[in-house]
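One-letter residues, chain by chain:
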Amino acid sequence: MKIDGRCLCGLITYEAEIDQSKISLCHCTDCQINSGSAFRIATLVGKDDFRLLTGKLKSYIKIAQSGARRALSFCPECGTHIHGSDAENAQTYSLRMSTARQIRELTPSIQIWRRSALGWLSGLDTRVKLDEQQPMPR
Ligand SMILES: [Zn+2]
Ligand SMILES: [Zn+2]
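The structure displayed is predicted, hence computed values, not measured ones.

Parameters at a glance
- Residues numbered from 1 in each chain as written.
- Chains lettered and ligands numbered in written order.
- Predicted model: local features only at pLDDT ≥ 70, side-chain atom pairs only at ≥ 80, totals over all residues.
- Pairing = 2+ DSSP bridges.
- Helix = DSSP H or I, 4+ residues; strand = E, 2+ residues; numbered from the N terminus.
- Axes fitted to C-alpha atoms, helices over the stretch in contact; angles between N-to-C directions.
- Core = buried A, V, L, I, M, F, W, Y, C linked by C-beta atoms within 7 Å.
- Buried ≥ 20, exposed ≤ 12 C-beta atoms within 10 Å, placed from the backbone.
- Contact = placed C-beta atoms within 7 Å.

Participant: I'd like a description of the sheet that holds strand 6 (residues 58-63), backed by residues and values.
Facilitator: Read across the open sheet, the 7 strands follow the order 6-7-8-9-4-3-10; overall the sheet is mixed. Each edge of the sheet is formed by a strand with only one pairing partner; in this case those strands are strand 6 and strand 10 (110-112). Along the sheet, successive strands turn relative to each other by an average axial angle of 30°, direction set aside. Of the strand pairs in this sheet, strand 3 (residues 24-26) and strand 10 are connected by 3 bridges, and their pairing is parallel. Note that in strand 10 the partner of leucine 25 across the bridge is glutamine 111.

Rendered as structure tokens:
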């Protein structure tokens with residue numbers, strides 16, 4: 001499936017060819033911190049199936065417990081995460097799917113690091129549900 005996406009400020013744009021049956025959701029604590037959210041949604045894309053159209057990514061090198069060096073790449077302007085890859089010899093990118101325009105059509109089929117998943121996710125419900133943002137109190 002062909003997708004396209006962008007960062008929040010629009011500096012970074014890309015297109016990619018993905019396998020929509022292989023969308024994964026990662027609950028690891030690094031993904032929680034790095035995404036600022038409950039989990040990260042990603043899929044692996046071969047380097048030839050990803051094309052950066054505009055902008056230049058900045059990378060943070062994360063050293064995993066195994067010693068593996070991962071480049072976590074993001075927009076240098078707004079900080080939106082675009083992909084993760086091997087720091088030295090990237091053959092695949094773990095593309096961050098929330099940046100894709102087609103995100104609503106992409107349903108994750110795998111969850112990893114379930115042991116770090118936030119407990120309230122399974123029955124996610126809140127007392128208040130607003131279709132848009134709450135008006136700011138004055
Ligand atoms: Zn940006
Ligand atoms: Zn993770």
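Participant: Let's hear about the sheet that holds strand 2 (residues 13-17): which residues, and what values?
Facilitator: Strand order across the open sheet formed by 3 strands is 1-2-5, with antiparallel pairing between neighbours. The open sheet has two edge strands, strand 1 (2-6) and strand 5 (50-54), and neither has a second partner. Strand-to-strand twist in this sheet, taken as the mean axis angle between neighbours without regard to direction, amounts to 20°. Sheet topology places strand 1 next to strand 2; 5 bridges connect them, and they run antiparallel.

Participant: Can you break down the nonpolar core residue by residue, with the values?
Facilitator: Among the nonpolar cores identified, the biggest contains 22 residues, and Ala16, Ile82, Leu95 and Met97 are the most heavily contacted of them. For this core, the elements supplying multiple residues, two or more each, are strand 2, strand 3, strand 4 (40-46), strand 7 (69-74) and strand 9 (92-96). The element best represented in this core is strand 4, accounting for 3 residues. When neighbours within four sequence positions are excluded, isoleucine 82 is seen to be in contact with Cys7, Ile12, Tyr14, Leu57, Ser73, Phe74, Cys75, Arg96 and Thr99.

Participant: Describe the pairing of strand 7, and please don't skip the residues or the numbers.
Facilitator: Where strand 6 and strand 7 come together, 6 bridges link them in antiparallel fashion. Each bridged residue has a counterpart across the sheet, and for isoleucine 63 the counterpart in strand 7 is arginine 69. Two strands pair when backbone bridges link them, and strand 7 and strand 8 (residues 81-86) are joined in this way by 5 bridges, in the antiparallel orientation. Directly across from arginine 70, in strand 8, lies its bridge partner aspartate 86. Where strand 7 folds back onto strand 8 in an antiparallel hairpin, the turn is made up of 6 residues, including glycine 79, whose phi is positive at roughly 85°.

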